[in-house]
Amino acid sequence: MRTEHGQAVHAEMWAPLVEDCVRMRCTLEFKRAADVDWATQKTIAVCGTQKTLEDVAAAGVLPEKVSEVLRAVAAKLTPSGLRCAVKSQLLVPPVGGVEEIVVGCVTTEASRHVSPYRGDQVRGFVKKHATLAEGASLLLAVPDRQSLHAYYSQASHGHSLCKLKGAHDGFDATEPTMPAGIWLPAPSAVTDDDLKAANIIGASNQLTGRLVDLPTNYLNTQTYSDVLKGLAAKFGFSLKLIEGDDVLKEGMGLLYHVGRAAEYGAKLAVLSHEPAAAKDDEVVCWAGKGIVYDTGGLQLKSTTGMPGMKGDMGGSAAMLGAFIAAVRLGAPIKLHALLALADNAVSSFASRPDDVHRCLSGKTVELNNTDAEGRLALSDAVAYANKHLKPTIVVNMATLTGAQGVACGQHFAAICSNAEAMERRAVAAGRESGDQVHPVLFAPELLMPEFESSVADHRNSVANRGNAQVSCAGLFIYTVGLGGADFKGEWLHIDMAGPSVADPCWGVSFMLHLHSLCPVN
């Protein structure tokens, strides 16, 4: 934002990256198991419960001798609650082209908060044992239709990282695509709609994961917006970009000043999908935190606390991936995704503690922590949605607090909602998708006093860090951005700081299930 230095060189470096993002490549090509030529595969990774492993071995899907090995290996495996049991077996001599089979046995047990479909174990198996290579393949032996989405979606989470090694400029476009056969026991059958959804959602999951993993010298607010332009042109949704001084002119003083110190300034991207047949009385707005790097601002993060902050835009990446999937699946609702993009950098233009900035909602905020910037950016995003788009539902997602990891850990995102029905739908969506969530307190009358200020409407960070920080951060967005109880629709806040670190693809499937945008299992 401050200088044109090196931009032509940077643009040349970024071009392959932008093109590859827009390509929406998925490393897994989902097919019916019967449509994969298993005899020509060099390595077959098979994942399922003990019963489905036995059933698929008996179903004649694989070559006979491979099925015999699968049956023998599966009988010896006992999964734990944490991860599936795994064993590999070399085939000597090879059976056709098959030299090795790797078997992952998924548990059928789950405690009451854990998704019974155990997509977490499927994801872990693919990540560690279904390695991308020439001649490698994957067979998902799915227990039933209720488990189907969790299996294929979480499997695609296993391959998500960008590759910047050697001569590669962005993602490794030379990597092979792995055939991933899906098998269901009779009388269930894998339909064309199942395969369409699996491949669309898989591509969105991996786009999200790769964006989260990109370093900021590649993915800054400018390249992020270039990716959005390419995706809008490809998939036909409308895109509005508010950038530079226009962010401030629009009244979004919080977002503007979060990104003011950086070379490339803050932007609000508004993605819109408005099918002609959609109802006028239901407007859904998603808002994602897109802090492409978080130094902490002038209240700088520590030497060990700053690495990894390239992923502080995980909320926006998940919302983008979910939005693209919703468009491609033909979502029948009016849907808007607002991505608040900024780089919380340090320079002479950086906001100082004690500065007071104004939100689009009209609320003023005194800064007492420049490292609590995500709630500022998101408050302007939801305020824009409320003012201009008239939503009935607002969902915001962010890698917002370290306290989320203390409260819910890396396997569950924290959710906070003004509506019990929304909270219940969110918990159900987490169980169905494998992107799991757990509720925290919604108690604005008790917690918002943490943000009291003598010079502004609110401060941006709590007075007492031991008083439900996860809830407080979400309630700040609800109060400052949406106006609190003045907002009459449903609101859901998702803090996925821990899950996004553990799984950069987290969030796409959750959002689709939350709004019933996936094919019914």
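Residues numbered from 1 in each chain as written. Predicted model: local features only at pLDDT ≥ 70, side-chain atom pairs only at ≥ 80, totals over all residues. Heavy atoms only, no water.

**Some thoughts on the overall build of the protein chain**
Scanning the protein chain for helices and strands turns up 17 helices and 17 strands. Against the globule reference of 24 Å for 521 residues, the protein chain gives a C-alpha radius of gyration of 23 Å, in line with a compact fold. Across its three principal directions, the C-alpha atoms of the protein chain cover 75 × 50 × 50 Å. Of all 521 residues assigned to the protein chain, the portion counted as buried reaches 60%. If you take every contact in the protein chain between residues at least 6 apart in sequence, the share linking residues at least 24 apart comes to 79%. (Helix = DSSP H or I, 4+ residues; strand = E, 2+ residues; numbered from the N terminus. Rg over C-alpha atoms; globule rule 2.2 N^0.38 Å. Buried < 20%, exposed > 50% of the residue type's maximum accessible area, 1.4 Å probe, protein only. Contact = heavy atoms within 4.5 Å.)

**Things to note about the nonpolar core**
In this structure, Leu 138, Leu 140, Tyr 224, Leu 231, Leu 320, Ile 494 and Met 511 are the most contacted members of the largest nonpolar core, which totals 95 residues. Here the element with the most residues in this core is helix H10 (residues 314–328); it accounts for 10 residues. If we skip the residues at most four places from it in the chain, Leu 140 touches Phe 30, Cys 47, Val 122, Tyr 151, Tyr 152, Ala 155, Gly 181, Ile 182 and Trp 183. Core analysis: the next-biggest nonpolar cluster, separate from the first, contains 56 residues, Cys 285, Ala 287, Cys 359 and Ala 473 among them. (Core = buried A, V, L, I, M, F, W, Y, C linked by side-chain atoms within 4.5 Å.)

**Concerning the sheet that holds strand E11 (residues 356–358)**
Ordered in space as E11-E12-E16, the three strands form an open sheet in which the pairing is mixed. Of all the strands in the sheet, just E11 and strand E16 (458–459) have a single pairing partner and so form its edges. In the sheet, strand E12 (residues 364–366) pairs with E16 via two bridges, with the strands oriented parallel. The residue of E16 that forms the bridge with Glu 366 is Arg 459. (Pairing = 2+ DSSP bridges.)

**Side note on the pattern of salt bridges**
Evaluation of the coordinates by the stated rule reveals 17 salt bridges. The partner of Asp 120 in a salt bridge is Arg 118, and the shortest N-O contact between them spans 2.9 Å. According to the relative accessible area criterion, Asp 120 is buried, its value standing at 18%. On the accessibility criterion, Arg 118 (5% relative accessible area) is buried. One salt-bridge network, held together by shared partners, links Lys 289, Asp 312 and Glu 373. (Salt bridge = Lys/Arg side-chain N within 4 Å of Asp/Glu carboxyl O.)

**Quick word on the side chain of Asp 380**
Take Asp 380: it is sitting in helix H11 (residues 374–388). Nearest to the buried, unbridged Asp 380 among oppositely charged side chains is Arg 358, at 9.8 Å. Side-chain polar atoms of Asp 380 contact the backbone nitrogen of Leu 255, separated by 2.9 Å. In this view, Asp 380 contacts Gly 251, Met 252, Gly 253, Leu 254, Leu 255, Cys 359 and Leu 360; residues no more than four positions away in its chain are not counted. (Lys, Arg positive; Asp, Glu negative; His and termini not counted. Polar contact = N/O pair within 3.5 Å; in protein donor to acceptor, adjacent residues only side chain to side chain.)

**Brief notes about the pairing of strand E10 (residues 334–344)**
For E10, the tally of buried residues reaches 11 of 11 residues, placing the bulk of the element in the interior. Taking every second residue as pointing to the same face, both faces of E10 are buried, with Lys 334, His 336, Leu 338, Ala 340, Ala 342 and Asn 344 on one and Leu 335, Ala 337, Leu 339, Leu 341 and Asp 343 on the other. Relative to E10, strand E8 (residues 267–273) runs antiparallel, the two sharing seven bridges. Counted as the bridge partner of Ser 272 is His 336 from E10. Across 11 bridges, strand E9 (residues 283–294) lies against E10 in parallel orientation. Bridge pairing in E10 places Tyr 293 opposite Asp 343. Considered for its hand, the β-α-β crossover made up of E9, H10 and E10 is right-handed. (Right-handed = clockwise from strand over helix to strand, strands pointing away.)

**Points about the environment of Glu 100**
Of note, Glu 100 is situated in strand E4 (residues 98–106). Separated by 57 residues in sequence, Glu 100 and Thr 43 have C-alpha atoms that sit 4.9 Å apart. Look past the residues within four positions of Glu 100 in its chain and what remains in contact with it is Lys 42, Thr 43, Ile 44, Ser 88, Gln 89, Leu 90 and Leu 91.

**Brief notes about the environment of Gly 97**
Here Gly 97 shows up in the loop between strand E3 (85–95) and E4. On the basis of relative accessible area, Gly 97 is assigned to the partly exposed category, the value being 27%. Distance from Gly 97 to Gly 135, taken between C-alpha atoms, is 8.8 Å for residues 38 residues apart in sequence. With residues near it in sequence (within four places) discarded, Gly 97 still touches Ala 39, Gln 41 and Lys 42.

**Quick notes on the packing of aromatic side chains**
Applying the stated criterion across every chain yields a total of eight aromatic pairs. Between Trp 506 and Phe 510, the aromatic rings sit 6.0 Å apart at their centres with planes inclined by 20°, giving stacked as the arrangement. (Phe/Tyr/Trp six-rings, centres within 6.5 Å; stacked < 30°, edge-to-face > 60°.)

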